[in-house]
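Report on the structure
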Amino acid sequence: IVHALAQRAALALIAAAAFFGAAPPAAAQEAPDVMVKRVAQDVLATIKSDPAIQAGNEARIRDVLEAKLLPNFDFARMAALAMGRNWRSATPEQQKRITDEFRALLVRTYSGALNQYSNETIDYKPLRMNAGDTEVTVRRLVQRASGAPIEIDYGMEKKADAWKCYDVIVAGVSLVTNYRDEFNEQIKNGGVDGLIKTLADRNRGVAAK
């Protein structure tokens with residue numbers, strides 16, 4: 001399931017990179033949809049013009065992810081969503097370990113997605129947002145060169161300094177909660193520490209490759 005999800009998430013990461021390519025100062029905080037439109041063209045132009053990314057340089061791709069994408073995600077909430085009710089039974093130290101390993105898992109799972117960009121375009125849907133809302137869903141449609149368009153939604157929460165993404169939904173499937181059954185099974189068999197070990201082993205294995 002995870003490998004199939006990773007393949008489907010390639011376009012999601014490309015669109016996410018377009019979404020989160022840059023963030024304005026807190027004093028000039030923008031609405032999520034305005035932010036998307038402002039940064040998309042610049043970031044996608046970087047993807048197309050960066051020779052290292054075009055050559056599939058994974059180190060350069062990870063650098064781009066670390067600098068432009070990851071600071072705009074709430075990985076603690078993402079890990080909590082992936083664990084479901086088991087999150088509350090984990091100690092603060094275990095929660096931090098799981099968050100760190102889950103972050104590394106997502107980075108390494110999707111780091112190859114940026115070099116799959118092939119001139120997709122993004123259609124933006126009107127943002128449904130009321131005054132005072134602290135959680136919204138930002139919706140867009142990725143038009144591919146071939147094949148049906150893919151709907152990609154972002155669950156967003158307004159923090160003190162900026163909007164943060166806590167989930168990416170591709171064609172109606174949450175990339176975060178899709179891990180829940182796997183995580184619950186790992187916890188059932190080996191406890192929370194067993195899940196941490198499984199994630200750490202997986203991340204080391206991918207890094208070795």
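As the structure is a computational prediction, the values presented were derived from the model and not from experiment.

1. Here we look at the overall build of the chain
Each helix and strand in the chain was counted, giving 8 helices and 5 strands. Counting from the amino terminus, the chain carries its helices and strands in the arrangement α-α-α-α-α-α-α-β-β-β-β-β-α. Out of the 209 residues belonging to the chain, those deemed buried represent 46%. For the chain, long-range pairs separated by at least 24 residues make up 59% of all intrachain contacts whose partners lie at least 6 apart in sequence. For the chain, the computed accessible surface area is about 10600 Å², with 49% contributed by carbon and sulfur atoms.

2. A word on the nonpolar core
Counting 43 residues, the largest nonpolar core has Ile 98, Phe 102, Val 168 and Phe 183 as its most contacted members. Elements with a minimum of two residues in this core: helix 3 (32–49), helix 5 (58–69), helix 6 (75–83), helix 7 (92–110), strand 2 (135–143), strand 3 (150–158), strand 4 (163–170) and helix 8 (180–208). Leaving out residues up to four positions away in the same chain, Phe 183 has contacts with Ala 82, Met 83, Phe 102, Leu 195 and Leu 199.

3. A short note on the sheet that holds strand 3
Pairing is antiparallel across the open sheet formed by 5 strands, whose spatial order is 1-2-3-4-5. The open sheet is flanked by strand 1 (121–124) and strand 5 (173–174), the only strands paired with a single partner.

4. Focus on the packing of aromatic side chains
Across all of its chains, the model carries 4 aromatic pairs by this definition. Ring plane angle 90° and centroid distance 5.5 Å describe the contact between Phe 102 and Tyr 179, whose orientation is recorded as edge-to-face. Pair noted here: Phe 102 is in helix 7 and Tyr 179 is in the loop between strand 5 and helix 8, with a separation of 77 residues, a long-range link. On the basis of relative accessible area, Tyr 179 is assigned to the buried category, the value being 0%. Grouped by ring-pair contacts, the aromatic residues Phe 102, Tyr 179 and Phe 183 constitute a single cluster. The ring of Tyr 166 carries the charged tip of Arg 77 above its face, separated from the ring centre by 3.6 Å.

The rules behind these values
- Residues numbered from 1 in each chain as written.
- Predicted model: local features only at pLDDT ≥ 70, side-chain atom pairs only at ≥ 80, totals over all residues.
- Heavy atoms only, no water.
- Helix = DSSP H or I, 4+ residues; strand = E, 2+ residues; numbered from the N terminus.
- Buried < 20%, exposed > 50% of the residue type's maximum accessible area, 1.4 Å probe, protein only.
- Contact = heavy atoms within 4.5 Å.
- Areas by Shrake-Rupley, 256 points an atom, 1.4 Å probe, with all protein chains shown as cover.
- Core = buried A, V, L, I, M, F, W, Y, C linked by side-chain atoms within 4.5 Å.
- Pairing = 2+ DSSP bridges.
- Phe/Tyr/Trp six-rings, centres within 6.5 Å; stacked < 30°, edge-to-face > 60°.
- Lys NZ or Arg CZ within 6 Å of the ring centre and 35° of its normal.

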